[in-house]
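Single-letter residue listing:
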Amino acid sequence: MYDFAYHKPSSLAAAVSLLSADPDAKFISGGQTLLPALKHRLNKPTSVVDLTGIAEMRGIRREGNKLVIGALTKHVEVATSAEVKAAIPALAQMAATIGDTQVRNRGTMGGSVANNDPAADYPAAVLGLGATIVTSKRKIAADDFFVSMFTTALEVDELLVAVEFPIPEKAGYAKMRNPASRYVMAGAFVSKGPMGLRVAINGAAACVFRQTDMEAALASNWSPEAAAGVKQSADEMNGDIHGSAEYRAHLVSVMAKRAVIAAG
Ligand SMILES: Cc1cc2nc3c(=O)[nH]c(=O)nc-3n(C[C@H](O)[C@H](O)[C@H](O)COP(=O)(O)OP(=O)(O)OC[C@H]3O[C@@H](n4cnc5c(N)ncnc54)[C@H](O)[C@@H]3O)c2cc1C
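This one's a predicted model, so the numbers in the text were calculated from it and none came from an experiment.

**Description of helix H5 (residues 89-96)**
Part 1: Within the span of H5, buried status applies to Ala-90, Leu-91, Met-94 and Ala-95. Seen along its axis, H5 keeps its buried residues to an arc of 135°; they face one direction.
Part 2: Where the residues of H5 are buried, they touch helix H3 (75-80), helix H4 (82-87), helix H8 (122-128), strand S10 (160-166), strand S11 (170-177) and helix H12 (245-263).

Right under this line is the structure:
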């Protein structure tokens, strides 16, 4: 690891001004992605701004027909929250399957969503539920947030503060894990609710995306068979030592079918 300065502000404004003053600084939340990147020298920030002292970024609360989850909420807190289990059980179930015990006890929703790893779980829920990202500057619809691999609409000095999830009538998630890393090879999050019928696919391509052919098929026939009947093209799927593009394309239909079964 290289040397870097360390700051721990206690307000959003202070965190933002530290980043505005130094474009080579980085935010850190759970450190489950950033610290390995620093150790491998993939990232070389001049300073690290620790967000864990900012109270405004914490907490899970129900506000009418939406669930608001603070960016600093750890995966284990989402997995075990009675509020999340009651409102969006698929989200709690998803959180319970992220990484391992250590990752779930340190990693945060905000860090995962801001990082936009193609193989991460939460981006599928955010896009699949049509959530809204609350930042230190504005609100961004999920459809406009995930731009490309490890890239989002967030600006360098913009903080992800919370995610607002509309509460769906039904939702389900299924994924095929890489047996070694446990990251997603291909996953599908389906939902029906105030944001319409949505199918988000993660793990399979460079960035989480909506499978609009499946959404159309499920809109006319909400059934596992309708999801499985839509074949994903392999054209823009990831292909690597863990699985070919054709294999991942096949998994997309299988995971969507299982997600619809999970949703009920
Ligand atoms: C062994 C292992 C297994 C894992 N398995 C999985 C898995 O199965 N599924 C899965 O989804 N993830 C997995 N992860 C990743 C894990 O979920 C991380 O917690 C998550 O990707 C990043 O969250 P974090 O809070 O640790 O972020 P950090 O590592 O602190 O930060 C990640 C990035 O986001 C930025 N950032 C952090 N918080 C904010 C914010 N509030 N606003 C703006 N930018 C911010 C940082 O600057 C950094 O660039 C795994 C990680 C490890 C180490």
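**What to know about the sheet that holds strand S2 (residues 26-28)**
Part 1: Read from one edge of the open sheet, three strands run S1-S3-S2, paired in parallel fashion. Every interior strand has two partners, whereas the edge strands, strand S1 (5-7) and S2, have only one. Sheet twist, expressed as the average angle between the axes of neighbouring strands with direction ignored, equals 25°.

**Some words on the domain arrangement of the protein**
Part 1: For the protein, the domain assignment lists domain 1 (5-166) and domain 2 (170-263).
Part 2: With centres defined by C-alpha atoms, the gap from domain 1 to domain 2 works out at 23 Å.
Part 3: Across the contact, 22 residues belong to domain 1 and 25 residues belong to domain 2.
Part 4: Sorting the residues of the side of domain 1 that touches domain 2 by element identifies H5, H8 and strand S8 (146-148) as the ones contributing at least two each.

**Structural notes on helix H10 (residues 212-220)**
Part 1: When H10 is considered as a whole, its buried residues turn out to be Met-214, Ala-217 and Leu-218. Within H10, the buried residues cover an arc of 95° as seen down the axis, which keeps them to one side. Turned more than 90 degrees away from the buried face of H10 sit Thr-212, Ala-219 and Ser-220, all of them exposed.
Part 2: Here the buried face of H10 lies against strand S13 (196-202), helix H11 (224-228) and H12.

**What to know about the site of the ligand**
Part 1: In the neighbourhood of the ligand, 31 residues make up the surrounding shell, with Gly-30, Gln-32, Gly-99, Gly-107 and Gly-111 lying closest.
Part 2: Among the secondary structure elements, those contributing two or more residues to the shell around the ligand are S2, helix H2 (34-39) and helix H7 (109-115).
Part 3: Top contributing element to the shell around the ligand by residue count: H7, with five residues.
Part 4: Residue composition of the shell around the ligand, by class: 15 nonpolar, twelve polar and four charged.

**Section: the sheet that holds strand S4 (residues 60-63)**
Within a sheet, neighbouring strands are paired by backbone hydrogen bonds and run either parallel or antiparallel to one another.
Part 1: Pairing within the open sheet is antiparallel, and its five strands lie in the order S4-S5-S10-S6-S7. Across the chains shown, the open sheet's two edge strands, defined by having one partner strand only, are S4 and strand S7 (139-141). Geometrically, the sheet is characterised by an average inter-axis angle of 25° between neighbouring strands, direction not taken into account.
Part 2: Judged from the four bridges that link them, strand S6 (residues 132-135) and S10 form a sheet pairing that is antiparallel. What sits directly across from Thr-132, in S10, is Glu-164.

Conventions used here
- Residues numbered from 1 in each chain as written.
- Predicted model: local features only at pLDDT ≥ 70, side-chain atom pairs only at ≥ 80, totals over all residues.
- Buried ≥ 20, exposed ≤ 12 C-beta atoms within 10 Å, placed from the backbone.
- Helix = DSSP H or I, 4+ residues; strand = E, 2+ residues; numbered from the N terminus.
- Arc of directions from axis to C-beta.
- Contact = placed C-beta atoms within 7 Å.
- Pairing = 2+ DSSP bridges.
- Axes fitted to C-alpha atoms, helices over the stretch in contact; angles between N-to-C directions.
- Domains from an automatic or database assignment.
- Near = placed C-beta within 6 Å.
- Nonpolar A, V, L, I, M, F, W, Y, C, P; charged D, E, K, R; others polar.

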